[in-house]
Structures are given as structure tokens and as C-alpha cells.
Amino acid sequence: MDAPHDRRGWFRGDSDCTPMSFPRRAYRLVLLGPPGVGKGTQAQLLCRHLGMCHLATGDLFRSAQCQANPSPALRAAREHMRRGELVPDDLVIAMVRERHACLRCDGGFLLDGFPRTVPQAEACDELLTELGVTLDGVISYELPVEQIVDRLSGRRVCSRCQATYHMSVRPPRVEMQCDRCSGELCQREDDRPEVIRNRMRAYAASTEPLIAYYRERGILISITADDTPEAILEQTLHLLHEQAARPARVAAVPKARA
Ligand code: AP5
């Protein structure tokens, strides 16, 4: 399975989200983990292997940069990102809801960066229930903070297709040029040290509680991301297949908080 997906439906918010290929088994997954742990890198590898579509809210907000006329909501989201703050829940939830067709895709999906707070997780559960779709697993990557800072400072991203590189670990074949589409590589504006600190604080306060949220539901897969991207992929696939082979558990879902 190696066909890149057409993500125009996700970026534009319309219903045009036809998979380029149909995998044998459609996975529906969420990726969790602190900024820079390698979610985007694993998402690209997992989607190539399993054939689902990579739906990243960060990519969606960053796509506002390339649009001639981004909506006021997208412009506001970008301002929050520049400061390393989370985009407000109601805005994120509304944008994902607008793209619900992507969650019904027969090819499956990999949500990267959503949900990111408990209210977003509750809204996500509600939306998936309405659509008659269930999550197969939530993969949580973990790593000490010093390694995270190193990964973020060396990261470069293609300005055209968003493919991710690292100047020493995963360099492009031609300096500052994307291997896939020849687009120019650049550094993300939220990879500056002071903004990284804000992002780490936002993660600890708002996103870390989701680990317990999904553990309670019996669908959490925790992985230490301290290895090469290929070795982490192998471990992820192994644990995912192991979980898929287990009899389905009925998750005891606590009631939404008041
Ligand atoms: P988002 O785009 O989701 O960013 P993030 O979660 O901060 O994560 P990153 O993309 O920075 O890192 P990553 O884990 O994907 O790591 P990567 O694979 O690139 O969100 C950005 C912002 O958008 C947020 O701060 C917020 O403002 C807003 N936002 C988005 N969604 C939101 C939501 N739902 N609610 C509210 N706000 C939201 O890897 C990093 C580097 O390490 C790369 O250079 C890579 O090549 C390298 N690397 C990867 N794996 C390895 C490895 N195994 N070994 C060595 N190097 C590696």
C-alpha cells in the first residue's frame, strides 16, 4: 500500500474525499503525543502502510497560509498557532464537523492533533457516534523533553506538500528541497524556542489528560518513540495488529463532565 491520499476534501472542507485506494482493512485511529514526538512522521508512514487518510488539524490550520482568501476562522486559528497556544475548542470542533465526510471515508482515517482536549474528545465521540463509526485505537507516543527539543529545532517542512524532514536524521536528498514534490523546505514559525515552551505547557495542561481518557475506554496503545522512525512504525503496526486480534471490549464511558 503506497498511494498518497487526496486530502483536498480535508483542506477545503467539502465532501470530495475519495480514497485513492481501498485498503483490505480500514483503520480509524487517533495519534496522541507532545509536540515534536514524531506524530506527523509516523502518520505519513502509517498511512502509506495501512492506506487510510492522514487528517491533521495542524496541517489544516497551516493551509490558511497558502490560501488567497482564508476564512476569518482560519486566520484566527493561525494567530493562536503562532503564539503556541491551542486554537479554541469551539472553532476546532466546528472545523472538524464541517469535514465529517472525511470521517466516513471507506479507507479509514488517522486523526493527528485532534482531539487535543477533553471537550474535543467528547465532541469527537459524539460525532463518531452520529456517523456510526468507532475508533480502533489511540496511539500515544512518548519521549523525554530534551529529545523533543532536538527534533523540533532540526525539523524542516515542505512549503507545498507538508512532508517533514530533519536536518540530521531525515535530511532531504537535495538541500532544502522536498524529495516528493521539489517544494522549498522551511522552518515552521512555531518551532522557535519561546513558542515551543508554550506548546509544551499547553500539551501538559490540556492534552495529557487524554491519555487517561482513552485508557479508561480500553483503546490506548502507548509507545516510547525513542528509536528510528522505521523501528517505531514496526512496533506501532505490531501493537495495532495485536489489539485488532483481541476480542472487542465494551468501553465503559464515563458521563460528560458538567
Ligand atoms: P500540530 O501541527 O498538530 O503540531 P504538534 O502536535 O505540536 O506536533 P508537531 O507537528 O510539532 O510534531 P510531530 O509530533 O508531528 O513531530 P514530527 O513528526 O513533525 O499543531 C500545531 C498547532 O496547531 C498547535 O500548537 C495548536 O496551536 C494548533 N492546533 C492543532 N490542532 C489543534 C487542536 N485540535 N486543538 C487546538 N489547537 C490545535 O517530528 C518532529 C521532528 O523530529 C521532524 O524533524 C522529524 O523528521 C523528526 N523525527 C520524527 N521521528 C523521529 C525519530 N524517530 N527519530 C529522530 N527524529 C525524528
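That block above? That's the structure.
From a predicted model like this one, the values you see are computed outputs, not experimental measurements. (Residues numbered from 1 in each chain as written. Predicted model: local features only at pLDDT ≥ 70, side-chain atom pairs only at ≥ 80, totals over all residues. Heavy atoms only, no water.)

Draft legend 1. Spotlight on the site of the ligand. Inspection of the region around the ligand gives 36 residues, with T41, E85, R116, R155 and R199 positioned closest. Between the ligand and V37 there is a distance of 3.3 Å, counted from an oxygen atom to a backbone nitrogen or oxygen. One of the backbone nitrogen or oxygen atoms of P229 is found 3.4 Å away from a nitrogen atom of the ligand. Taken by itself the ligand offers 1000 Å² of open surface, and the protein chains cover 96% of this. At the level of elements, α2 (39–50), α3 (57–62), α8 (145–153), β6 (164–166) and α11 (229–245) are the ones that each hand at least two residues to the shell around the ligand. A total of 4 residues in the shell around the ligand trace back to one element, the largest contributor, which is α3. (Near = heavy atom within 4 Å. Polar contact = N/O pair within 3.5 Å; in protein donor to acceptor, adjacent residues only side chain to side chain. Areas by Shrake-Rupley, 256 points an atom, 1.4 Å probe, with all protein chains shown as cover. Helix = DSSP H or I, 4+ residues; strand = E, 2+ residues; numbered from the N terminus.)

Draft legend 2. Geometry of the sheet that holds strand β3 (residues 109–112). Pairing is parallel in the open sheet, where 5 strands are placed in the order β2-β3-β1-β4-β8. Each of the sheet's edge strands pairs with one partner strand only, and the pair in question is β2 (53–56) and β8 (220–224). Averaged over all adjacent pairs, the angle separating strand axes in this sheet is 20 degrees, with direction ignored. When β2 meets β3, the two strands line up parallel, connected through 4 bridges. (Pairing = 2+ DSSP bridges. Axes fitted to C-alpha atoms, helices over the stretch in contact; angles between N-to-C directions.)

Draft legend 3. Region of the structure containing the state of the cysteines. With the rule as written, the count across this model stands at 0 disulfides. In this structure C158 is a free cysteine whose sulfur lies 3.5 Å from that of C181, the closest cysteine sulfur available. (Disulfide = S-S within 2.5 Å.)

Draft legend 4. How the structure looks around unusual backbone geometry. Cis geometry marks the peptide bond from F114 to P115; its omega dihedral reads -5 degrees. Looking at the secondary structure, you find P115 in the loop between β3 and α7 (118–131). A positive phi angle, close to 65 degrees, is found at S182, a residue other than glycine. By secondary structure assignment, the location of S182 is in the loop between β6 and β7 (185–186).

Draft legend 5. Seen up close, the sheet that holds β7. Within the open sheet, the 3 strands sit side by side as β6-β5-β7. Their pairing is antiparallel. The strands lining the two open edges of the sheet, one partner per strand, are β6 and β7. Two elements, strand β5 (residues 155–158) and β6, share 3 bridges in a ladder whose sense is antiparallel. Counterpart to V157 in the pairing with β6 is T164. Across the sheet, α8 lies against β5 and β6, angled at about 40 degrees from β5, the strand it touches most. (Contact = heavy atoms within 4.5 Å.)

Draft legend 6. Highlighting the packing of aromatic side chains. Tallied over the full model, the rule gives 1 aromatic pair. Positioned above the aromatic ring of Y27, the side-chain terminus of R25 is 4.2 Å from the ring centre. (Phe/Tyr/Trp six-rings, centres within 6.5 Å; stacked < 30°, edge-to-face > 60°. Lys NZ or Arg CZ within 6 Å of the ring centre and 35° of its normal.)

Draft legend 7. Representation of the nonpolar core in the model. The biggest cluster of nonpolar side chains holds 39 residues, and the ones touching the most others in it are L103, L111 and Y214. Per-element accounting of this core gives the leading share, 7 residues, to α7. Filtering out sequence-adjacent residues up to four positions away, Y214 remains in contact with L32, P115, A121, L135, V138, I219 and L220. Ranked by size, the runner-up nonpolar core spans 25 residues in total, among them L46, I148, M200 and I232. (Core = buried A, V, L, I, M, F, W, Y, C linked by side-chain atoms within 4.5 Å. Buried < 20%, exposed > 50% of the residue type's maximum accessible area, 1.4 Å probe, protein only.)

Draft legend 8. Molecular detail of the environment of D136. For D136, the location among the structural elements is in the loop between α7 and β4 (137–142). Taking the C-alpha atoms as reference points, D136 and A26, 110 residues apart in sequence, are found 9.4 Å from one another. Other than its neighbours up to four places away in sequence, D136 contacts R25, A26, Y27, R28, L29 and Q243. For D136, the side chain forms a polar contact with the main-chain nitrogen of R28, separated by 2.7 Å.

Draft legend 9. Structural context of helix α10 (residues 209–216). Along α10, the positions that sit buried rather than exposed are L210, I211, Y213 and Y214. Viewed along the axis of α10, the buried residues span an arc of 160 degrees, placing them on a single side of the element. Its buried side turned inward, α10 meets β1 (28–32), α7, β4, α9 (193–207) and β8. A positive backbone phi angle near 75 degrees is found at G218, which sits one or two residues after α10. (Arc of directions from axis to C-beta.)

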